[in-house]
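What the coordinates show
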Amino acid sequence: MFTGTVVFDVLLPGDSRSLKAKRSYVRPIVAALRRFEVSAAEVGSLDLVGRAEIGVAVIAPDAGHVAEVLDSCEHLMAGRPEIELLSARRRLHGEDD
């Protein structure tokens, strides 16, 4: 069994000057990521407006499937026109970890 995680650091549009406006961008992104049957949530920069860290985790029986799912999530994030994807930090954990 393999576990993969990725943390996306994103820059939100300039009109997200309040936490309520920030949520209006983050919620649909998290919902879209969950369609890949992953666990997704805002995991960092919670009190910062204009920035968000969104974490994704997936478990699968083989590393190839984990990589495919994380690739799909990263492709979705990079294709969102309302945000700028600053970085994506991945980790893969196998049975030996």
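The sections below set out a description of the structure shown in this document. Just so it is clear, the structure is predicted and the values come from calculations on it, not from any experiment. (Residues numbered from 1 in each chain as written. Predicted model: local features only at pLDDT ≥ 70, side-chain atom pairs only at ≥ 80, totals over all residues. Heavy atoms only, no water.)

With 22 residues, the main nonpolar core has L33, V56 and M77 as its most contacted residues. When residues of this core are traced back to their parent elements, those giving at least two are strand 1 (2-11), helix 1 (19-34), strand 3 (51-60) and helix 2 (63-78). Excluding residues within four positions of it along the chain, L33 makes contact with V38, A40, I54, V56, C73, L76 and M77. (Core = buried A, V, L, I, M, F, W, Y, C linked by side-chain atoms within 4.5 Å. Buried < 20%, exposed > 50% of the residue type's maximum accessible area, 1.4 Å probe, protein only. Helix = DSSP H or I, 4+ residues; strand = E, 2+ residues; numbered from the N terminus. Contact = heavy atoms within 4.5 Å.)

Between its terminal C-alpha atoms helix 1 stretches 22 Å, which fits the 22 Å expected from 16 residues at 1.5 Å a residue. Of the residues making up helix 1, those classed as buried are A21, K22, Y25, V26, I29, V30, A32 and L33. (Expected span 1.5 Å × (residues − 1).)

With that out of the way, let us pick up the sheet that holds strand 3. Ordered by their spatial adjacency, four strands build an open sheet running 2-3-1-4, and the pairing between neighbours is antiparallel. The open sheet terminates on both sides in strands that have one partner only, identified here as strand 2 (39-44) and strand 4 (84-93). Averaged over all neighbouring strand pairs, the angle between strand axes comes to 20 degrees, with direction disregarded. Sheet analysis places strand 2 next to strand 3, joined by five bridges and oriented antiparallel. (Pairing = 2+ DSSP bridges. Axes fitted to C-alpha atoms, helices over the stretch in contact; angles between N-to-C directions.)

For helix 2, built from 16 residues, the straight-helix expectation of 22 Å at 1.5 Å per residue is met to within 8% by its first-to-last C-alpha distance of 22 Å. Inspection of helix 2 places V66, V69, L70, C73 and M77 among the buried residues, and these make up the whole buried set. The arc that holds every buried residue of helix 2, seen down its axis, measures 95 degrees, which confines them to one face. What points out from helix 2, more than 90 degrees from its buried face, is the exposed set E68, H75 and A78. Against the buried residues of helix 2 lie strand 1, helix 1, strand 3 and strand 4. The residue sitting at the N-terminus of helix 2 and contributing the capping side-chain oxygen is D62; that oxygen lies 3.3 Å from the backbone nitrogen of G64. (Arc of directions from axis to C-beta. Polar contact = N/O pair within 3.5 Å; in protein donor to acceptor, adjacent residues only side chain to side chain.)

Turning our attention to the environment of D71. With respect to the helices, strands and loops of the structure, D71 is situated in helix 2. On a C-alpha basis, the gap between D71 and I59 in space is 14 Å, while along the polypeptide they are twelve residues apart.

Here we come to the pattern of salt bridges. In total, this model carries five salt bridges according to the counting rule given. For R51, the salt bridge identified is with D9, shortest N-O distance 2.6 Å. Placement of the pair is R51 in strand 3 and D9 in strand 1, with a sequence separation of 42 residues. A residue is classified by how much of its surface remains accessible, and D9, at 9% relative accessible area, is buried. (Salt bridge = Lys/Arg side-chain N within 4 Å of Asp/Glu carboxyl O.)

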